[in-house]
Amino acid sequence: MSGITSGSNITVEGVPTVNTKTSITAASPSSVSAGVVSTSVIPLNVGRKSIVITNTSAQQRVSLAIDTSAILDKGITLYPHAIWVMGEYTFSTGAIHAISSMSTVVLSVQEFN
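Conventions adopted
Residues numbered from 1 in each chain as written. Predicted model: local features only at pLDDT ≥ 70, side-chain atom pairs only at ≥ 80, totals over all residues. Heavy atoms only, no water. Helix = DSSP H or I, 4+ residues; strand = E, 2+ residues; numbered from the N terminus. Buried < 20%, exposed > 50% of the residue type's maximum accessible area, 1.4 Å probe, protein only. Contact = heavy atoms within 4.5 Å. Salt bridge = Lys/Arg side-chain N within 4 Å of Asp/Glu carboxyl O. Pairing = 2+ DSSP bridges. Axes fitted to C-alpha atoms, helices over the stretch in contact; angles between N-to-C directions. Core = buried A, V, L, I, M, F, W, Y, C linked by side-chain atoms within 4.5 Å.

A. How the structure looks around the overall build of the protein chain. The helix and strand inventory of the protein chain stands at zero helices and eight strands. N-terminal to C-terminal, the α/β element order of the protein chain is β-β-β-β-β-β-β-β. Burial status across the protein chain gives 32% buried among its 113 residues. Relative to all contacts within the protein chain whose residues are 6 or more apart in sequence, the contacts with residues 24 or more apart total 79%.

If you want it as structure tokens, here you go:
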């Protein structure tokens, strides 16, 4: 870069674009039930890019586990009305298991492929 000195102006033609996002498609929203015994509530999906899970209960906790049995209050625990978004550092295509603190809890699910 000869001829450039401190205080010189540099002209850049065009605007460089960096795209770090991957296009994803939303699957149909769904709901699943979790009870007091660990159950696979969302199957393995090799096309999964992300998932959002909401605990719709006003009183009960739900714990989630990926590719293994869920244990109440261990791993990913959703308190009433809490939401979990599978992100870059929690990403898995594996089955998601759930267990609730009392009776049956409905989880709202939005998966992206």
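B. Molecular detail of the pattern of salt bridges. Tallying each qualifying case throughout the model produces two salt bridges. Arg48 serves as the salt-bridge partner of Glu111, at 2.6 Å between the closest nitrogen and oxygen. Placement of Glu111 in strand β8 (residues 105–112) and of Arg48 in the loop between β2 (39–42) and β3 (50–55) is noted, with a sequence separation of 63 residues between them. On the basis of relative accessibility, which here comes to 1%, the residue Arg48 falls in the buried class. Between Asp73 and Arg61 there is a salt bridge whose closest N-O contact spans 2.7 Å. Note that Asp73 is positioned in the loop between β4 (62–66) and β5 (76–78) and Arg61 in the loop between β3 and β4, a separation of 12 residues in sequence. Overall, the relative accessible area of 23% leaves Arg61 in the partly exposed class.

C. Looking closely at the sheet that holds strand β1 (residues 30–34). Spatial ordering of the open sheet is given by β1-β8-β3-β6, a layout of four strands whose pairing is antiparallel. Each of the sheet's edge strands pairs with one partner strand only, and the pair in question is β1 and β6 (83–85). Here the strands of the sheet are splayed against their neighbours by 25° on average, with no regard to which way each runs. Pairing analysis gives five bridges linking β1 to β8, with the strands arranged antiparallel. Counted as the bridge partner of Ser30 is Val109 from β8.

D. A look at the sheet that holds β5. Strands sit in the order β2-β7-β4-β5 across an open sheet of four strands; the sheet is antiparallel. If you trace the sheet from one side to the other, it starts and ends with β2 and β5, each paired once. With direction set aside, neighbouring strand axes in the sheet form an average angle of 35°. Sheet topology places β2 next to strand β7 (residues 96–100); three bridges connect them, and they run antiparallel. Pairing of Ile42 across the sheet is with Ile96, part of β7.

E. Spatial organisation of the nonpolar core. Of all hydrophobic cores here, the largest spans 16 residues; its most connected members are Ile51, Ile53, Leu64, Trp84, Ile96 and Leu107. Listed by contribution, the elements that provide at least two residues to this core are β1, β2, β3, β4, β7 and β8.

F. Spotlight on the pairing of β3. Burial within β3 is extensive, with five of its six residues counted as buried. Strand direction decides the pairing type here: β3 and β8, joined by six bridges, are antiparallel. Bridge pairing in β8 links Val52 to Gln110. Bridge analysis of β3 against β6 gives three bridges, and the strand direction is antiparallel. Counterpart to Ile53 in the pairing with β6 is Trp84.

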